[in-house]
Amino acid sequence: MKSAHLLAQLEAKLEELAQAVAPHANKRTPKARFDSQLFHSHSTRLGDYLEEVRQSLNQLKQSVSAQRTERVAWMAERVVLQMGALQRELATQTLRKGETREEPESENLYEKLAKHQDYERRLRAMIADRESQLALQETLAQQQTLQREIATQEGRLQRCQQALKRIERAIEKREH
């Protein structure tokens, strides 16, 4: 019963993710964006990675049906990590568009500042969410998984804050 509910939640999240990926699904990137341990695909299209997440979710469902508890835990973690990686990639799509541009104009710096402030806010919210989930976990493995996610997100938050400082310094330079 609990497994069925959790699987339904994962499926709903995957459908939300699929809708978000849809506009970017066939766009090619200069190189593969994900760790080969997380995704088997080495594609440059987000749609291919979304398809791999779907396959992982199907494998998870099969493992639940077969009552292979160790495999269920591993596959569930994999699906969550894959979905998180795709969500992060989507969040950075607008930044990646500007990777090859020249020095941005001051309006672009303010846009960049606003986007990074939004990323910072969302990262803080994700960390708070994971920390609240951590208190509810019953198994050590689940706690460790969430602790790893929190550590990863805190690293991203730190890099985001560093980027914010660089943008603020660039704005100050332009204004003086």
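Since we're looking at a predicted model, the values are computed, not measured.

Colleague: Could you clarify how one ought to interpret the overall build of the chain in this entry?
Modeller: Within the chain, the secondary structure is distributed over six helices and zero strands. Helices and strands appear in the chain in the N-to-C order α-α-α-α-α-α. Over its C-alpha atoms, taken along the principal directions, the chain stretches across nearly 65 × 40 × 25 Å. Within the chain, the fraction of its 176 residues that count as buried is 32%. Long-range pairs, those at least 24 residues apart, make up 63% of the contacts in the chain between residues at least 6 apart in sequence. Mean positive and mean negative side-chain charge positions of the chain (30 and 26 charges, respectively) differ by 3 Å.

Colleague: Help me understand helix 3 (residues 69-91), please; the structure alone is not making it clear to me.
Modeller: For an α-helix, the turn length of 3.6 residues means that residues three or four places apart are oriented alike. For helix 3, built from 23 residues, the straight-helix expectation of 33 Å at 1.5 Å per residue is met to within 8% by its first-to-last C-alpha distance of 33 Å. Every buried residue of helix 3 is accounted for by M75, R78, V79, Q82, M83, G84, A85, L86, E89 and L90.

Colleague: So what exactly am I meant to see when it comes to the side chain of R78 here?
Modeller: In this structure, R78 sits in helix 3. Judged by its relative accessible area of 9%, R78 falls in the buried class. Other than its neighbours up to four places away in sequence, R78 contacts Q37, L38, F39, H40, E52 and S56.

Colleague: Help me out: how do you make sense of the environment of S3 in this one?
Modeller: Along the polypeptide, S3 turns up in helix 1 (residues 2-21). In this structure S3 comes out as partly exposed when scored by relative accessible area, which is 37%. Remark: the alpha-carbon pair of S3 and V72, spanning 69 residues in sequence, is separated by 9.7 Å.

Colleague: How should I be thinking about the packing of aromatic side chains in this particular structure?
Modeller: Two measures describe an aromatic ring pair: the distance that separates the ring centres and the angle between the ring planes. Across all of its chains, the model carries one aromatic pair by this definition. On the numbers, 5.0 Å between centres and 80 degrees between planes, the contact of F39 with Y49 is edge-to-face. Of this pair, F39 sits in the loop between helix 1 and helix 2 (46-65) while Y49 sits in helix 2, placing them 10 residues apart in sequence.

Colleague: Is there a simple way to think about the nonpolar core in this case?
Modeller: Note that soluble globular proteins tend to have their nonpolar side chains buried in a common cluster. Core analysis: the largest hydrophobic core is formed by 22 residues, its most contacted members being L17, F39 and L86. For this core, the secondary-structure elements that each account for two or more residues are helix 1, helix 2 and helix 3. The residues contacting L86, other than those within four sequence positions of it, are L17, F34, F39, L46, Y49, L50 and V53. In this structure, Y119, L123, I127 and I150 belong to the second largest nonpolar core, which totals six residues.

Colleague: I would appreciate a short explanation of the confidence of the model for the chain in the present structure.
Modeller: As a general rule, the predicted coordinates of low-pLDDT regions are not to be interpreted in detail. Here the chain averages 84 in pLDDT, while 91% of its residues score no lower than 70. Between residues 99-104, whose pLDDT stays under 50, and residues either more than four places distant or in other chains, the model counts five contacts.

Colleague: Any chance you could explain the pattern of salt bridges here in plain terms?
Modeller: A side chain with one charge can pair with a side chain of the opposite charge if their charged atoms come near. Applying the stated criterion to the full structure yields 10 salt bridges. Here D48 ties to R45 by a salt bridge, and the two come within 3.5 Å at their closest N and O atoms. Through salt bridges with shared partners, a single ionic network connects D118, R121 and R122.

Rules used throughout
Residues numbered from 1 in each chain as written. Predicted model: local features only at pLDDT ≥ 70, side-chain atom pairs only at ≥ 80, totals over all residues. Heavy atoms only, no water. Helix = DSSP H or I, 4+ residues; strand = E, 2+ residues; numbered from the N terminus. Buried < 20%, exposed > 50% of the residue type's maximum accessible area, 1.4 Å probe, protein only. Contact = heavy atoms within 4.5 Å. Lys, Arg positive; Asp, Glu negative; His and termini not counted. Charge placed at Lys NZ, Arg CZ, Asp CG, Glu CD. Expected span 1.5 Å × (residues − 1). Phe/Tyr/Trp six-rings, centres within 6.5 Å; stacked < 30°, edge-to-face > 60°. Core = buried A, V, L, I, M, F, W, Y, C linked by side-chain atoms within 4.5 Å. pLDDT = per-residue confidence, 0-100. Salt bridge = Lys/Arg side-chain N within 4 Å of Asp/Glu carboxyl O.

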